[in-house]
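# Structure assessment
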Amino acid sequence: MGIFADLHEQNHKITELSNVFLYLIQDRAMCDTRIACDIFLDYSKTVKEHIELVDRKLCGKLISHPDQAVKNTADRFLSGSSEIKRIFAAYLKQWCSESRRELTIRRHYDKFVADTQLMFALVLNRIERETEHLYPLIRRLEGDDQKAA
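We now turn to the structure provided with this report. (Residues numbered from 1 in each chain as written. Predicted model: local features only at pLDDT ≥ 70, side-chain atom pairs only at ≥ 80, totals over all residues. Heavy atoms only, no water.)

Along the chain, the position of Asn11 falls in helix α1 (residues 3-24). Note: C-alpha distance between Asn11 and Cys59 (48 residues apart in sequence) is 17 Å. (Helix = DSSP H or I, 4+ residues; strand = E, 2+ residues; numbered from the N terminus.)

Rendered as structure tokens:
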């Protein structure tokens, strides 16, 4: 499978997991289920893998490109990746125990839902920027007319 097919698959999975999890957590009782936690941990793993793939396979190539505008685009996406990783790590630390495979919401349900909506929106906005700006740039530079996502 090519890089764009892998990215498309990841984008679809992240979007689907995001939609399902956001729907589930509208009911407080669902937050304490094993299924909700499994969906959340799968989402978390997929987001991390996606960012690493984009950083390594796409931005890694572009950062050494002779065109300064291309380098700047790669640098912006890499900086964005670092920021998302930092925010995501803080979010996970506050709301999840990965070792115990559970969400740690306690009595802070409303804050958890709000933080989750913001975090998921940040990730989905990043995917949208990749799809609209980064993937077409790569295809143009490589002369590839294949659809990215």
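Bringing the pattern of salt bridges into the picture now. According to the stated counting rule, one finds 13 salt bridges in the structure shown. Close ionic contact of Arg126 with Asp55 constitutes a salt bridge, the shortest N to O distance being 4.0 Å. Remark: Asp55 occurs in helix α2 (residues 34-62) and Arg126 occurs in helix α4 (residues 109-142); sequence separation between them is 71 residues. Arg126 sits in the buried class, given a relative accessible area of 2%. Each of Glu52, Asp55, Lys85, Arg126 and Glu130 takes part in a single network of salt bridges with overlapping partners. (Salt bridge = Lys/Arg side-chain N within 4 Å of Asp/Glu carboxyl O. Buried < 20%, exposed > 50% of the residue type's maximum accessible area, 1.4 Å probe, protein only.)

Moving on to empty space enclosed by the protein. Applying the stated criterion across every chain, the model contains one cavity of 30 Å³ or more. By volume, the largest cavity amounts to about 30 Å³. Along its surface, the largest cavity is lined by Val47, His50, Ile51, Val123, Arg126 and Ile127. Secondary-structure elements contributing two or more residues to the lining of the largest cavity are α2 and α4. When its residues are assigned to classes, the lining of the largest cavity shows four nonpolar, one polar and one charged. (1 Å grid on protein atoms, 1.4 Å probe; cavity = no way out; pocket = protein on both sides within 12 Å on 5 of 7 lines; lining within 4 Å. Points joined across faces, edges and corners; volume = space filled by probe spheres on them. Nonpolar A, V, L, I, M, F, W, Y, C, P; charged D, E, K, R; others polar.)

Right, let's talk about the nonpolar core for a bit. Ranked by internal contacts, the top residues of the largest apolar core, which has 30 residues, are Phe21, Phe40, Tyr43, Tyr91, Phe112 and Phe120. When contributions to this core are tallied by element, the ones reaching two or more residues are α1, α2, α3 (68-95) and α4. For this core, the leading source of residues is α2, giving eight residues. Residues Phe4, Leu53, Cys59 and Leu134 belong to the second largest nonpolar core, which totals 14 residues. (Core = buried A, V, L, I, M, F, W, Y, C linked by side-chain atoms within 4.5 Å.)

Next up on the list: α4. Counted at 1.5 Å a residue, the expected span for α4 with its 34 residues is 50 Å, and the 47 Å between its end C-alpha atoms agrees. When the local axis directions of α4 are compared, the greatest deviation, roughly 40°, occurs at Glu130. Immediately beyond the C-terminal end of α4, within one or two residues, lies Gly143, with a positive phi of roughly 65°. (Expected span 1.5 Å × (residues − 1). Bend = angle between axes of the 7 residues up to and from the residue.)

Looking at the secondary structure, you find Glu130 in helix α4. With a relative accessible area of 0%, Glu130 lands in the buried category. Apart from the residues within four sequence positions on either side, Glu130 is in contact with Asn11, His50, Val54, Phe77, Tyr135 and Pro136. (Contact = heavy atoms within 4.5 Å.)

Along the polypeptide, Ile105 turns up in the loop between β2 (102-103) and α4. Here Ile105 is in contact with Arg28, Cys31, Trp95 and Phe112, once residues within four sequence places are set aside.

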